[in-house]
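Spelled out, the chains give:
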Amino acid sequence: EYVLVREFPGGCSMSRKKKTNEEEFDFAEVMKATLLSSIVSILLVGIILLLLSLLMSFYDVPQVVLSISILFLTVLLGFFCGYLCAKRVRKKGIFVGVICGIVLSVMILFVDLCAYGDFTVSVFTKLPVILVASSIGGVIGVNRKRKYR
């Protein structure tokens, strides 16, 4: 079904195909974008963590600085993942950001379980931070203007 967009003088008209509910929001596309943006975000934060560990091997870094930098990297991870995913999907930024935050949280819980054999208290403080940061990244990613070439 087509919808009339604009009529021009002389009888010409411009129309486009009307979107159905399935075309408006494709959950498979959201999951594909979520996994891709999660992997890219984890690689980015992994590189930053590698540089931080290299810095720590040369200098004595206080525990407070280390805790703050880990919290900052957690926020960066969530924000960047939500931003990339929402920029690709271009719809429902908060929902897409929360989905990204949930996927990242499950990944972090899995790594924490494998590393320690149990869940630590610090991982449960990071999960709400990831959800909030990824939803903010999703909102900004959706509202970011596209570059036209």
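As a reminder, the structure under discussion sits directly above these lines.
Residues numbered from 1 in each chain as written. Predicted model: local features only at pLDDT ≥ 70, side-chain atom pairs only at ≥ 80, totals over all residues. Heavy atoms only, no water.

Trainee: So what exactly am I meant to see when it comes to the overall build of the chain here?
Mentor: Helix and strand content of the chain: 5 helices and 2 strands. The secondary structure elements of the chain, listed N-terminal to C-terminal, are β-β-α-α-α-α-α. A separation of at least 24 residues holds for 68% of the contacts in the chain among residues at least 6 apart in sequence. For the chain, the computed accessible surface area is about 10500 Å², with 68% contributed by carbon and sulfur atoms. (Helix = DSSP H or I, 4+ residues; strand = E, 2+ residues; numbered from the N terminus. Contact = heavy atoms within 4.5 Å. Areas by Shrake-Rupley, 256 points an atom, 1.4 Å probe, with all protein chains shown as cover.)

Trainee: How do you make sense of the packing of helix 4 (residues 93-116) against helix 5 (residues 121-143) when you look at a structure like this?
Mentor: The description of two helices packed together rests on the angle between their axes and the distance between the axes. Between helix 4 and helix 5, the shortest axis-to-axis distance is 7 Å and the interhelical angle comes to 150°. It follows that helix 4 is roughly antiparallel to helix 5 by the angle criterion. The interaxial crossing formed by helix 4 with helix 5 has right-handed handedness. On helix 5, the residues that touch Gly93, Ile94, Gly97, Val98, Cys100, Gly101, Ile102, Leu104, Ser105, Ile108, Leu109 and Asp112 of helix 4 are Val123, Phe124, Leu127, Ile130, Leu131, Ser134, Ser135, Gly138, Val139 and Val142. The residue makeup of the contact of helix 4 with helix 5, split by class, is 14 nonpolar, 7 polar and 1 charged. (Axes fitted to C-alpha atoms, helices over the stretch in contact; angles between N-to-C directions. Parallel < 35°, antiparallel > 145°, perpendicular 65-115°, else oblique. Left-handed = near helix turned anticlockwise from the far one by under 90°. Nonpolar A, V, L, I, M, F, W, Y, C, P; charged D, E, K, R; others polar.)

Trainee: What exactly am I supposed to notice about the pattern of salt bridges here?
Mentor: Note on pairing: side chains with opposite charge can pair once their charged atoms come close. On inspection of all chains with the given rule, the structure shows 1 salt bridge. When the shortest N-O distance is used, the salt bridge between Glu29 and Arg88 registers 3.3 Å. Linking Glu29 in helix 2 (residues 27-58) with Arg88 in helix 3 (residues 63-89), this pair joins segments that are 59 residues apart in sequence. Of the residues examined, Arg88 reaches a relative accessible area of 38% and is grouped as partly exposed. (Salt bridge = Lys/Arg side-chain N within 4 Å of Asp/Glu carboxyl O. Buried < 20%, exposed > 50% of the residue type's maximum accessible area, 1.4 Å probe, protein only.)

Trainee: Help me understand a nonpolar patch on the surface, please; the structure alone is not making it clear to me.
Mentor: Taken together, the side chains of Ile47, Leu51, Leu54, Leu55, Phe58 and Tyr59 define a hydrophobic patch exposed on the protein surface, amounting to about 680 Å² of accessible area. Following the sequence through the fold, Tyr59 ends up in the loop between helix 2 and helix 3. Since its relative accessible area comes to 55%, Tyr59 is described here as exposed. (Patch = residues over 30% accessible without salt bridge, like charges linked within 9 Å, V, L, I, M, F, W, Y side chains within 5 Å.)

Trainee: Help me out: how do you make sense of helix 2 in this one?
Mentor: Helical periodicity: at 3.6 residues per turn, an α-helix aligns residues three or four positions apart in one direction. The end-to-end C-alpha distance of helix 2, which contains 32 residues, comes to 46 Å, matching closely the 46 Å that a straight helix rising 1.5 Å per residue would cover. Regarding helix 2, the residues found buried are Val30, Ala33, Thr34, Ser37, Ser38, Ser41, Val45 and Leu52. (Expected span 1.5 Å × (residues − 1).)

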